[in-house]
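# Fold and geometry: a report
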Amino acid sequence: MLKVCEKPRHDVCLGSLGIRLTFDLSLFMSKAESSAWDALECSGADQREQDQASIQEVVSLHEAGFMVRIQAPATETFELQVSGQMLVTELHQVLMDHEMTCLRTCFSLQLGGAVLDALTELRLVPGLGEGALVKVVEDPYTVRDARLHLKHVRSLLRSLDVADAHNGANGSSLSYLSLYTRDPVNGSKSRAAERETIDCLLPDYITPGCKDRPLTPLQPIREDWKPLQCLRVLTVNSWNPPPGNRKMHGDLMYLNVVTVEGRDLNITASTRGFYLNQVLQHPYERIATPYQVYTWVAPHADHALDCVRAEETPASRVGQDEHTVGQSRDWNEELQGCRELPRSSLQERLHRERNIFKTNSDFVNAATQGAIAVVDGNVMAINPGEEPRKQMFIWNNLFFSLGLDTADYYRPLGGDAAAHAAPVCDLRGVQAYASIDIPGLHTLGTALVDYHGHRVTAQAIVPGLLEQHQDRGLLYGSNDHGHTVVSDTKFLDLLGKTCRPLRVQRHMVLDHHHTAVELCSCVQTKGILGNDGRAYILDLHGTFPPDLNFLLSDGGEGVPEECKRLGFPWKHRHSLASLRPELIEAFVQHRYALFQNMVSSGLEKLSADGASLENRSDSTGVRLSADVQSEALIKTLELNADGCSDPQRRQVILEACRAVGSVSDTSFEICFNPDVCSPAVRIPSESVYEVPKQKQLLWDAAAFLLSNQIPAVVRDFLDHTAVPLDGGSLRLALHQRGVNMRYLGPLLRALETAPEGERLSHVQRISISEVIIRSAKHIFRIYLQNVEAAALSAAVSHFLNCLLSSASSAPDSADELLSRRRGSRRRRSQGSRAAALAETAWARMTPGDLWRKIQNEAEDYYHYTLHWCCVRVVDEAVERWSLQKISLLREIAMKTGIQVQLRDYVFESRHRPVFSEEDVVNMSPVVKHLRPSATDATGLIQQAQVAVQQGLLGEGYELIQQAMTLFSSVCGIQHEDVSTCLRLLARISYITGEYADALSHQEKAVMCTERVQGIDHPQTIQDYMLLALYCFAAGQPAAVLRLLGRARYLTLLLSGEDHPQLVQLDVSIGLVLHGLMNYDQSLKFLQNGLKMTLKYNGASSLKCAHSHHLLATLLESRGDYRLALQHEKEAYSLYRSQAGEDHDSTKESSEYLQTLTRQAVILQRALNHIYSNTPNACTPPPKFSTPSLPMILQQLNITCGILFIPLR
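Residues numbered from 1 in each chain as written. Predicted model: local features only at pLDDT ≥ 70, side-chain atom pairs only at ≥ 80, totals over all residues. Heavy atoms only, no water.

The helix and strand tally for the chain stands at 42 helices and 26 strands. The buried share of the chain, taken over its 1208 residues, is 54%. Sequence-distant contacts in the chain: of pairs separated by 6 or more residues, those separated by 24 or more amount to 71%. Here the chain has roughly 54500 Å² of accessible surface; of this, 51% comes from carbon and sulfur atoms. (Helix = DSSP H or I, 4+ residues; strand = E, 2+ residues; numbered from the N terminus. Buried < 20%, exposed > 50% of the residue type's maximum accessible area, 1.4 Å probe, protein only. Contact = heavy atoms within 4.5 Å. Areas by Shrake-Rupley, 256 points an atom, 1.4 Å probe, with all protein chains shown as cover.)

In structure tokens:
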């Protein structure tokens, strides 16, 4: 069992294997979470006091919750837990969702007869405390309030319907956790009886060796599920609008309702409420996600009559906000106003960050709606006389532009390719400047929407920017790539504060008057002064240094040998390729380590006589370690290098700074000149001598990516620090090391030449899949732009057939099944439509054409050659690289926004195309946007990591709990950071033996991950696996197999049968089945787990020894002692060679071998007794062991990598 040490310890033991490890909170996290929250180095008394004060401030905030009584009309008084930091308007929303008051929307809150201000925090309301009575007082309705009430009623009626989640509407998303955690066993039974009634049979499609990959289990349906329908019709009837005499009596509108029983009701909405309201009450609380989550697969559903839904999106309101008809939100003023809020105290920072997050969430949703309306042609262009590719749009005070080179602005950078890539680079720059958050420096609200093959950039409008005759123009930067350059003192002061965190070097360029001008950013960054007096910076696609590996330079001078050896620099389709910020930070840390080593070596040479350093260290009276002493001395020398009296020491610092490329001669400072390789930028004569050094620094960073970071990524894959399951997790692993996805070609070559390439087969397979799918996405974007709206489903299904079907794909063959079921008149029209489709350009594409384009695109963009010679290229690719067509379908659907019908697709058919028009359900937008978060909560997580590293689990738990409170306050409950906190709380609770708390936290984490990241996200799979472990420990084995089966199904769907994650899954399933005495199925999973362990961990690993031991215990239970002895001998041999003779695991294995030998001897004697027919022989029967639940739990802990903290 798990035990907690009495004293804080830094070392812990991994299960019974006895492996000493450092107890680090990063072990609880995924690599993405661990890299986002690196260890916080707490040094200095001032910093500790500041952190302690912040902790106390958060603790006082966390304890500010209290209970109030709520009294609503026609209901009993009930109690509600509230927080002091909650706004009155937030309490209003909570009551609208509460089961006791969910039928009211238009009301005010009163305390002692006084109406509470909506924007006041509860802790600031006089007299509002523990036990206070808050009254819900109904207010008069208006037409707007009545419409909002109808929308609220509709959301209640549809709260258990998944149609909104499938359609990607109203912040709804899918979650299936409750389907797997509910206990099918009714009544109270004993442990043994419950153990016998647990269903041990797993579906055939998740058992090892099964090749079927059905799609329908991805969205399962309850056996007892029935569609919920309370009303048949809820609509505005034809008596509207009310005549004048009825308006004088307060009538607002008239509604018609038809109930399920067929009762027809006429309802009047008046200022006093709704009459004859028969809506049924639902206690279900629906919490929307802050950003819409889209699913790539959805079942076919009939389009039901819903007039309230129709009221929300009529054609006459396309260009207006849905809540404020005739009004538009000033998005720029809201976003900038939120950033200008005070931030001196914790309460102010929370209020500011909460407003920033909420406004950005609303902005992204509005930008998505507007981009869809623009692409659909429902928004009038502000320049309708121009050709369509040059048109721009304004919708709801948002400016929309297409990702095309409309004015030849991007021609020097690559034309349309550069125009398509620039918005992504610009968004990355906006995120960087927003993270630094310099007061007075403003960036625009920005969102990118890819929809129907078009990239649309949505931005808030700067006041005065669109005026034709504006007095204030460009004050900083250049509009023509550096030919004309201007600068301004105000922008230099503001941008100068960002140079150090962004690693940007202040540099000089020549303007159009040949005058030297100073810049603190890329020359293409534009600074303007809006009519509101704010300083804005635009066009931030040059924020990060250029990647010279993809930028051909004249003559190729200064190219490092590492780059030349791999064939760099390569020609790229645009010149906007830049280095990622993760790579820049890794490069700076690498250079700083070199700097320290050089200075330390130089100082050691100078102090060879033993006088200088000894005197310096003795004079302080402090004895430091060599590393600490060297680093402290380096810092001292850097600070005093200018006035240092010792020229030799000053020379050491100077040489080290020059060697590492520091821009300063007296201290370490790595910065990059973003304009040093821009062809149109002219350098002043007095700065020309610095150009070779600045270019060399960029080349060194590019070479560092090839020589250090890509090999580091491969090492991460080998030691399973990163275990990608799909293209998204592979991208995350590369980005954490600062490697862009355009380096997939070099990565694949590194994987192919790796010493242990067999252990990297899963990464190679996913990387090949990414090259194919990303190349197909590039082709699909161009392919879809020339398709008319009426032929979208036919065009998309045709493309999918060319990509994934083994049969020939023609437009009429896709509708064969559909046309058979229709009448002769319909068949004639369908045939004429098919003939018309066959004449279009997209319909003439064949599978061979598409795969040749994919091959060319992979060679041109990723510089990787895909070899195939078969006519059916997709089948050859699937067989050669062990790909799955269902996984390829998922990847292409998620990357392009395609939503396909939920059914089991037959990809192997060579006579019928896989997809028909009806299989393409929808096209969803793919949205990229800014991601603001809670800075104080992130700091608490860092403090928690330090506490856990010191063994203070209780303190770490409290800090994480407080961080979750802050995250919830800023971002809401449905957010990735909240699910991360819940996951960490569950892990610490489990380690400390609080199994019930661990189960409660993990259930919430799984629900949040499913809702926010998706039901088939890799993190969802990990959360299901952890929840299964906690269920088993908490005494709920009934749900364990269902949870593990769900996790294995999702793993097979994403990556197939050959993946290292199946080691943990199959061993866990085998252990649980062993405990439930289902030995046959347990043997299949444990054998497959051993097979995967041998491949991905090696035959000499301790995990392999553990798998052999588990198989031995199972075979002993089956009575197969001969095979059990073989496996345990293998385990003993590995333990002895890896851990030594005196290790506990080796001794336990030796004792178990002796036990197996005795049991085998007893069994053989019993058999001999039976065969000899000796009447007087008395041989005791062999004992077949049955594993206990605590023993299985211990083995599950070892399998899942749970850390033990032994008592000492």
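Summarising burial for helix α21 (residues 727–736): seven of the 10 residues are buried, a large majority. Just beyond α21, the residue with positive phi is Gly738, at close to 80°.

You can see Met1191 is positioned in helix α42 (residues 1189–1200). Separated by 116 residues in sequence, Met1191 and Gly1075 have C-alpha atoms that sit 9.1 Å apart.

This part covers the packing of aromatic side chains. By the definition in use, this model includes 25 aromatic pairs. Plain terms: the ring middles of Trp395 and Phe400 are 6.4 Å apart, the flat faces sit at 70° to each other, and that makes the pair edge-to-face. Comparing Trp395 with Phe400, the two get one shared label, buried. Ring plane angle 80° and centroid distance 6.0 Å describe the contact between Phe550 and Trp570, whose orientation is recorded as edge-to-face. (Phe/Tyr/Trp six-rings, centres within 6.5 Å; stacked < 30°, edge-to-face > 60°.)

Further remarks concern helix α39 (residues 1102–1118). Compared with an ideal rise of 1.5 Å per residue, which puts 17 residues at 24 Å, α39 spans 25 Å between its outermost C-alpha atoms and is within 8% of the ideal. Most of α39 is tucked away: 14 of the 17 residues are buried. Two residues or fewer past α39, Gly1119 is found with a positive phi of approximately 85°. (Expected span 1.5 Å × (residues − 1).)

General note: in soluble globular proteins, nonpolar side chains tend to be found buried as a group. Counting residues in hydrophobic clusters, the biggest one holds 267 residues, and the most contacted among them are Leu866 and Leu889. Of the residues forming this core, the biggest block, 15 residues, is contributed by helix α20 (residues 691–718). In this structure, Ile70, Val82, Phe107 and Val125 belong to the second largest nonpolar core, which totals 22 residues. (Core = buried A, V, L, I, M, F, W, Y, C linked by side-chain atoms within 4.5 Å.)

What follows covers a nonpolar patch on the surface. Taken together, the side chains of Ile382, Met392, Ile394, Leu465 and Leu466 make up a nonpolar region of the molecular surface, amounting to roughly 370 Å² of accessible area. Within the fold, Ile394 resides in strand β13 (residues 392–395). Judged by its relative accessible area of 32%, Ile394 is partly exposed. (Patch = residues over 30% accessible without salt bridge, like charges linked within 9 Å, V, L, I, M, F, W, Y side chains within 5 Å. Salt bridge = Lys/Arg side-chain N within 4 Å of Asp/Glu carboxyl O.)

Now for unusual backbone geometry. That bond from Phe568 to Pro569 is cis: its omega, 5°, falls within 30 degrees of zero. Here Pro569 shows up in the loop between α15 (561–565) and α16 (581–606). At Ala74, a residue that is not glycine, the phi angle is positive and equals roughly 65°. Along the chain, the position of Ala74 falls in the loop between β3 (66–71) and β4 (78–82). With a relative accessible area of 83%, Ala74 lands in the exposed category. One non-glycine residue, His452, lies in positive phi territory at about 55°. Along the chain, His452 turns up in the loop between β16 (446–451) and β17 (454–460). The exposure class assigned to His452 is buried, which follows from its relative accessible area of 14%.

This part takes up the side chain of Asp437. Along the chain, Asp437 falls in the loop between α12 (416–436) and β15 (441–442). Within the local environment of Asp437, its side chain forms a polar contact with the side chain of Arg352, the two groups lying 2.8 Å apart. Apart from residues no more than four positions distant in its own chain, Asp437 is found in contact with Arg339, Arg343 and Arg352. (Polar contact = N/O pair within 3.5 Å; in protein donor to acceptor, adjacent residues only side chain to side chain.)

With that settled, the discussion passes to the pattern of salt bridges. Between side chains of opposite charge, a pair can form when the charged atoms approach closely. Applying the stated criterion to the full structure yields 48 salt bridges. One salt bridge connects Glu334 with Arg329, and the closest N-O pair in it is separated by 2.7 Å. Here Glu334 falls in the partly exposed class, since its relative accessible area comes to 25%. Residue classification places Arg329 among the partly exposed residues on the basis of a relative accessible area of 24%. Through salt bridges that share partners, Asp726, Glu770, Arg774, Arg890, Glu891, Lys895 and Asp1016 make up one connected network.

Moving on, we come to the packing of α20 against helix α22 (residues 744–752). Contact geometry for α20 and α22: axes closest at 10 Å, N-to-C directions at 55°. Overall, the two elements α20 and α22 adopt an arrangement that is oblique. As for the relative orientation of α20 and α22, their crossing is right-handed in sense. Contacts from Ile710, Val713, Val714 and Phe717 of α20 reach α22 at Pro746, Leu747, Ala750 and Leu751. Of the residues belonging to the contact of α20 with α22, the class tally is eight nonpolar, no polar and no charged. (Axes fitted to C-alpha atoms, helices over the stretch in contact; angles between N-to-C directions. Parallel < 35°, antiparallel > 145°, perpendicular 65-115°, else oblique. Left-handed = near helix turned anticlockwise from the far one by under 90°. Nonpolar A, V, L, I, M, F, W, Y, C, P; charged D, E, K, R; others polar.)

By secondary structure assignment, the location of His92 is in helix α3 (residues 88–97). For His92, a relative accessible area of 19% translates into the label buried. Not counting residues within four places of it along the chain, the set of residues in contact with His92 comprises Thr105, Phe107 and Leu109.

This brings us to the pairing of β17. Across the seven residues that make up β17, a large majority, six, are buried. Inspection of the sheet shows strand β14 (residues 398–402) paired to β17 by five bridges, in the antiparallel sense. If you follow Leu402 over to β17, its bridge partner there is Val456. For β16 and β17, the ladder comprises six bridges, and the chain directions are antiparallel. Its bridge partner being in β17, Thr446 is matched across the sheet by Gln459. Linkage of β16 to β17, two consecutive antiparallel strands, is achieved through a turn of two residues, within which His452 is found at a positive phi near 55°. (Pairing = 2+ DSSP bridges.)

Taken in spatial order, the five strands make up an open sheet running β13-β14-β17-β16-β25, and their pairing is antiparallel. Two strands close off the open sheet at either side, each with one partner strand: β13 and β25 (926–929). Averaged over all pairs of adjacent strands, the angle between strand axes in this sheet comes to 20°, irrespective of strand direction. Of the pairings in the sheet, the one linking β16 to β25 comprises four bridges and is antiparallel in character.

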